[in-house]
Amino acid sequence: MSTIPPDVLIQAMNEAVVVGVEHVEAGGLPFVGVLVDNSGVISDFGVNRVRETRDPTAHAEIVAMREVLNSDDRDDLSGTTLVATGEPCGLCYRFAIDQGVDAIYVAVDRDAVAEWGFDYRTSYLSLGITDELRSTVFNSFPAERGNEPFARYFHTQINNGR
């Protein structure tokens, strides 16, 4: 298991939050995922592409992980850490764990994300993500502006009458 330098995590998380805000302002969802290793960021900042691609698995975190798997000719993602604006859903956790991601750092945990209107906690058990398994990779890593993408999304939805 690798240990990612704190400055790499901070920079990646802060950039992910900015990308999340930008994606919301462009009509997207507030979730962003990015992979890092000891050298720094190794993927693009993945955003949810489900609508554009019609691929129900094109969640932000999976988009970032797929990019590294497809571009680096890797067999797995061992030695990497996933940084995400919101705690991943069960599908994204399952993909990350199955691909060997060492750790997952999130700005906003699943309970706070649910308060913003994204309650996917029931997806965990159906995909075998128990609290015990989750605890092996989960790390809270609050960012100063971590809630901003979710707040902007929430207010956009209210202003649009949804």
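The structure reproduced in this document is the subject of the present report. (Residues numbered from 1 in each chain as written. Predicted model: local features only at pLDDT ≥ 70, side-chain atom pairs only at ≥ 80, totals over all residues. Heavy atoms only, no water.)

So, on to the overall build of the protein chain. When you go through the protein chain residue by residue, the secondary structure sums to eight helices and six strands. Of the regular secondary structure in the protein chain, the N- to C-terminal order runs α-β-β-β-α-α-β-α-β-α-α-α-β-α. Against the globule reference of 15 Å for 162 residues, the protein chain gives a C-alpha radius of gyration of 15 Å, in line with a compact fold. Overall, the protein chain is about 45 × 35 × 30 Å in size when its C-alpha atoms are taken along their principal axes. Counting all 162 residues of the protein chain, 51% fall into the buried class. By sequence separation, contacts in the protein chain at least 24 residues apart represent 66% of the contacts at least 6 residues apart. Working note: accessible area of the protein chain is about 8,000 Å², and carbon and sulfur atoms make up 49% of it. Mean positive and mean negative side-chain charge positions of the protein chain (12 and 25 charges, respectively) differ by 8 Å. (Helix = DSSP H or I, 4+ residues; strand = E, 2+ residues; numbered from the N terminus. Rg over C-alpha atoms; globule rule 2.2 N^0.38 Å. Buried < 20%, exposed > 50% of the residue type's maximum accessible area, 1.4 Å probe, protein only. Contact = heavy atoms within 4.5 Å. Areas by Shrake-Rupley, 256 points an atom, 1.4 Å probe, with all protein chains shown as cover. Lys, Arg positive; Asp, Glu negative; His and termini not counted. Charge placed at Lys NZ, Arg CZ, Asp CG, Glu CD.)

Glancing now at the side chain of Thr 80. With respect to the helices, strands and loops of the structure, Thr 80 is situated in the loop between α3 (60–71) and β4 (81–86). Classification of Thr 80 as buried rests on a relative accessible area of 0%. Here Leu 77 takes part through its backbone oxygen, which lies 2.5 Å from a polar atom of the side chain of Thr 80. (Polar contact = N/O pair within 3.5 Å; in protein donor to acceptor, adjacent residues only side chain to side chain.)

Tallying each qualifying case throughout the model produces nine aromatic pairs. Judged by centre distance (5.2 Å) and plane angle (80°), the rings of Phe 31 and Phe 150 are edge-to-face. Separated by 119 residues along the polypeptide, Phe 31 in the loop between α1 (6–25) and β1 (32–37) and Phe 150 in helix α8 (residues 148–159) bring together distant segments of the chain. Residue Phe 31 is classed as buried on the basis of its relative accessible area, which comes to 11%. The class for Phe 150 is buried, based on a relative accessible area of 0%. Considering the side-chain rings of Trp 116 and Phe 154, the 5.8 Å spacing of their centres and the 65° angle between planes classify their relative orientation as edge-to-face. Residue Trp 116 is located in the loop between α5 (110–115) and α6 (123–126), and its partner Phe 154 is located in helix α8; the two are separated by 38 residues in the primary sequence. (Phe/Tyr/Trp six-rings, centres within 6.5 Å; stacked < 30°, edge-to-face > 60°.)

Quick look at α1 now. For α1, spanning 20 residues, the distance from its first C-alpha to its last is 29 Å, which sits close to the expected 28 Å at 1.5 Å a residue. When α1 is considered as a whole, its buried residues turn out to be Val 8, Leu 9, Ala 12, Met 13, Ala 16, Val 17, Val 19, Gly 20, Val 21, His 23 and Val 24. Just downstream of α1 lies Gly 27, where phi reads positive at about 100°. (Expected span 1.5 Å × (residues − 1).)

It is worth spelling out the pattern of salt bridges at this point. Evaluated as defined, the whole model comprises ten salt bridges. Across the pair Glu 52 and Arg 49 runs a salt bridge whose closest N-O atoms are separated by 2.9 Å. The exposure class of Glu 52 is partly exposed, given its relative accessible area of 48%. Asp 119 is paired through a salt bridge with Arg 121; the nearest N and O atoms lie 2.7 Å apart. The network of salt bridges with shared partners includes Glu 25, Arg 145, Glu 148 and Arg 152. (Salt bridge = Lys/Arg side-chain N within 4 Å of Asp/Glu carboxyl O.)

If you look at the biggest cluster of nonpolar residues, it comprises 48 residues, and the most contacted ones within it are Phe 31, Met 65, Val 101, Ile 104 and Phe 118. Elements supplying a minimum of two residues to this core: α1, β1, α3, β4, α4 (90–98), β5 (103–108) and α8. Top contributing element to this core by residue count: α1, with eight residues. In this view, Phe 31 contacts Gly 46, Val 47, Asn 48, Ala 60, Glu 61, Thr 85, Gly 86, Glu 87, Val 113, Phe 118, Tyr 120 and Phe 150; residues no more than four positions away in its chain are not counted. (Core = buried A, V, L, I, M, F, W, Y, C linked by side-chain atoms within 4.5 Å.)

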